[in-house]
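# Observations on the model geometry
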Amino acid sequence: MPMLDSRPTFKRILLKLSGEVLMGEGDYGIDPDVLARIAGEVRELCQHGVEVGMVIGGGNLFRGAGLAKKGMDRVAADHMGMLATVMNSLAMQDTLERLGVFTRVMSAIRINEVCEDYIRRRAIRHLEKGRVVIFAAGTGNPFFTTDSAASLRAIEVNAEVMLKATKVDGIYSADPFKDAKAVRYDRLTYDEALARKLQVMDATAIVMCRENDIPLKVFNINRHGDLVRVVCGESVGTTVVRE
């Protein structure tokens, strides 16, 4: 992992992890080695004064939209998906705290026995004290993705950038795993991402970032050290901005 030998470009970040990233090479569940690697990079950032908020999806455990397509009530399915994000958040909290990083999980739905309720001012205070804050349970409402939740939390806590960690090294014109001719973009505007239907995030999340002028950086979390490099301002992945 690269050491931070200069001041980080960003003071406060919102890191969005898909649940699928936590599976590693598996087809389901959580790979402890992946958790440990990502947590190690987050600790590196915290040690250099970066304030880190996180949103983790639940697709490695349960995907509400998929079950809804097969007949389950969408609201019930989405609530189950929210609980999956809480499970992932608790797993990340445990891993970070075993590395000595103070961490708080804040849930958009009440589940006080295992984590805190999400309160904006309290979340900001945790960040100011150097604690990692993991925002669980999406927005607390069905029909909204965790991408939308990440955009919302980034805006609410005044994050300077939203980092979307994926399995590919940026945004492509098509799925690079299916189309060998797919072209990777170094820089895009939010309007271009919407017009080209690049599906980097859902439209609601993109519009929220655009309207609140929060830059988005998309990078491959599986490339060891890229999270640190992005925060250090290196040219990694794809950058999406308002103009």
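For the structure, check the block above.
Residues numbered from 1 in each chain as written. Predicted model: local features only at pLDDT ≥ 70, side-chain atom pairs only at ≥ 80, totals over all residues. Heavy atoms only, no water.

### A short note on the overall build of the protein
Using the following cut-off: Secondary structure elements are defined from DSSP: runs of H or I of at least 4 residues count as helices, runs of E of at least 2 residues count as strands, and each element is numbered from the N terminus. Between the two quantities, the radius of gyration covers C-alpha atoms and the globule rule is 2.2 Å times the number of residues to the power 0.38. Using a 1.4 Å probe on the protein chains alone, a residue whose accessible area is under 20% of its type maximum counts as buried, one over 50% counts as exposed, and one in between counts as partly exposed.
Looking only at helices and strands, the protein has 8 helices and 11 strands in total. Relative to its length of 243 residues, the protein is compact, with a C-alpha radius of gyration of 17 Å against a globular reference of 18 Å. In terms of overall dimensions, the protein has a C-alpha envelope of 50 × 45 × 35 Å along the principal axes. Burial statistics for the protein: of 243 residues in total, 53% are counted as buried.

### Observations regarding the pattern of salt bridges
Inclusion rule: Any carboxyl oxygen of Asp or Glu that lies within 4 Å of a side-chain nitrogen of Lys or Arg is treated as forming a salt bridge with it.
Per the counting criterion, the structure on display carries 16 salt bridges. Close ionic contact of Glu 51 with Arg 12 constitutes a salt bridge, the shortest N to O distance being 2.7 Å. In this pair, Glu 51 sits in strand β2 (residues 51-56) while Arg 12 sits in strand β1 (residues 12-17), placing the two residues 39 residues apart along the sequence. Take Arg 12: its relative accessible area is 10%, and that puts it in the buried class. Among the salt bridges present, the one from Lys 164 reaches Asp 147, with a minimum N-O distance of 3.1 Å. A residue pair is termed long-range when its members are at least 10 positions apart, and Lys 164 in strand β6 (residues 161-166) and Asp 147 in helix α5 (residues 146-156) qualify at 17 residues. Overall, the relative accessible area of 11% leaves Asp 147 in the buried class. When salt bridges with common partners are traced through the structure, they connect Asp 169, Arg 184, Asp 186 and Arg 223 into a single cluster.

### Structural notes on the layout of surface pockets
Over the atoms, a rolled probe matching the size of one water molecule traces out where space is still vacant. The cut-off we apply is this: The rule is simple: put a 1 Å grid over the protein atoms alone, call a set of points where a 1.4 Å probe fits but cannot get out a cavity, call an open set with protein on both sides within 12 Å along at least five of seven lines a pocket, and count a residue as lining if it has an atom within 4 Å of a point. Grid points are joined across faces, edges and corners, and a volume is the space filled by probe spheres set on the points. The residue classification treats Ala, Val, Leu, Ile, Met, Phe, Trp, Tyr, Cys and Pro as nonpolar and Asp, Glu, Lys and Arg as charged. All others, Gly included, are polar.
Its boundaries defined by the atoms lining it, the largest pocket holds a volume of some 1,300 Å³. Among the secondary structure elements, those contributing two or more residues to the lining of the largest pocket are α2 (64-69), α3 (74-98), α5, β6 and β7 (171-172). Element by element, the count of residues in the lining of the largest pocket is highest for α3, at 5 residues. Residues belonging to the lining of the largest pocket are distributed by class as follows: 18 nonpolar, 18 polar and 12 charged.

### A short note on the packing of α5 against helix α7 (residues 203-211)
When two helices pack together, you describe them by how their axes are tilted relative to each other and by the distance separating the axes. Convention followed: Only the contacting stretch of a helix is used when fitting its axis, a line to C-alpha atoms as for every element, and angles between N-to-C directions run 0 to 180 degrees. What sets the label is the angle itself: under 35 degrees gives roughly parallel, over 145 gives roughly antiparallel, 65 to 115 gives roughly perpendicular, and the rest give oblique. Note on convention: near helix rotated counterclockwise from far helix by under a right angle means a left-handed crossing. Clockwise means right-handed. Contacts are residue-level and defined by heavy atoms, with any inter-residue pair within 4.5 Å sufficient.
Interaxial distance between α5 and α7 falls to 8 Å at its minimum, and their mutual angle equals 15°. As summarised for this structure, α5 and α7 are arranged roughly parallel, according to the angle between their axes. When the axes of α5 and α7 are compared, the crossing they make is left-handed. Where α5 abuts α7, its residues Asp 147, Ser 148, Ser 151, Leu 152 and Ile 155 lie against Thr 204, Ala 205, Met 208 and Cys 209.

### Some remarks on the packing of aromatic side chains
What counts is decided by this rule: Note on ring pairs: Phe, Tyr and Trp rings are taken, using the six-membered ring of Trp, and paired if centres are within 6.5 Å. Classes follow the plane angle, with under 30 degrees stacked, over 60 edge-to-face and the rest tilted. Definition used: whenever NZ (Lys) or CZ (Arg) falls within 6 Å of the ring centre and also within 35 degrees of the ring normal, the charge is taken to sit over that ring.
One pass over the structure, following the stated rule, counts 1 aromatic pair. Positioned above the aromatic ring of Tyr 118 is the side chain of Arg 153, whose terminal nitrogen or guanidinium carbon lies 3.8 Å from the ring centre.

### Describing the side chain of Glu 51
Using a relative accessible area of 10% as the deciding quantity, one classes Glu 51 as buried. Ignoring anything within four residues of it in the chain, the contact list for Glu 51 reads Lys 11, Arg 12, Ile 13, Leu 127 and Glu 128.

### Here we look at the environment of Leu 194
Counting through the fold element by element, Leu 194 comes out in helix α6 (residues 190-195). When residues no more than four places from it in sequence are discounted, the contact partners of Leu 194 are Ala 203, Ile 206, Val 207 and Arg 210.

### Let's talk about α7
Applied cut-off: The arc under discussion is defined with respect to the helix axis, by the directions toward the C-beta atoms. N or O atoms closer than or at 3.5 Å make up a polar contact, with two conditions inside protein: a donor-capable atom paired with an acceptor-capable one, and, for residues adjacent in sequence, both atoms drawn from side chains.
Residues Ala 205, Ile 206, Cys 209 and Arg 210 constitute the buried set of α7. End-on, the buried residues of α7 take up no more than an arc of 130°, which puts them together on one face. Capping of α7 at its N-terminal end is provided by Asp 202; its side-chain oxygen lies 3.0 Å from the backbone amide nitrogen of Thr 204. Backbone geometry just downstream of α7 places Asp 213 in the positive-phi region, at approximately 55°.

### Describing α3
The line we're drawing: Here the expected span of a helix is defined as 1.5 Å times the quantity of residues minus one.
Counted at 1.5 Å a residue, the expected span for α3 with its 25 residues is 36 Å, and the 37 Å between its end C-alpha atoms agrees. By the N-cap criterion, in which a side-chain oxygen at the helix start approaches the backbone nitrogen of a residue two or three places on, α3 is capped by Asp 73, the distance to Val 75 being 3.2 Å. Once α3 ends, the next one or two residues include Gly 100, with phi positive near 90°.

### Brief notes about the sheet that holds β2
Definition in use: Note: two strands are recorded as paired if DSSP finds a minimum of 2 bridges between them.
One open sheet holds the 9 strands; their spatial order is β4-β3-β5-β2-β1-β6-β10-β11-β9, and the pairing between them is mixed. Each edge of the open sheet carries a strand with a single partner, namely β4 (116-117) and β9 (187-189). Sheet topology places β9 next to strand β11 (residues 238-241); 3 bridges connect them, and they run parallel. Across the sheet, the residue bridging to Arg 187 is Thr 239, located in β11. Packed on one face of the sheet, α5 meets β1, β2, β5 (132-136) and β6 and runs near 175° to β1.

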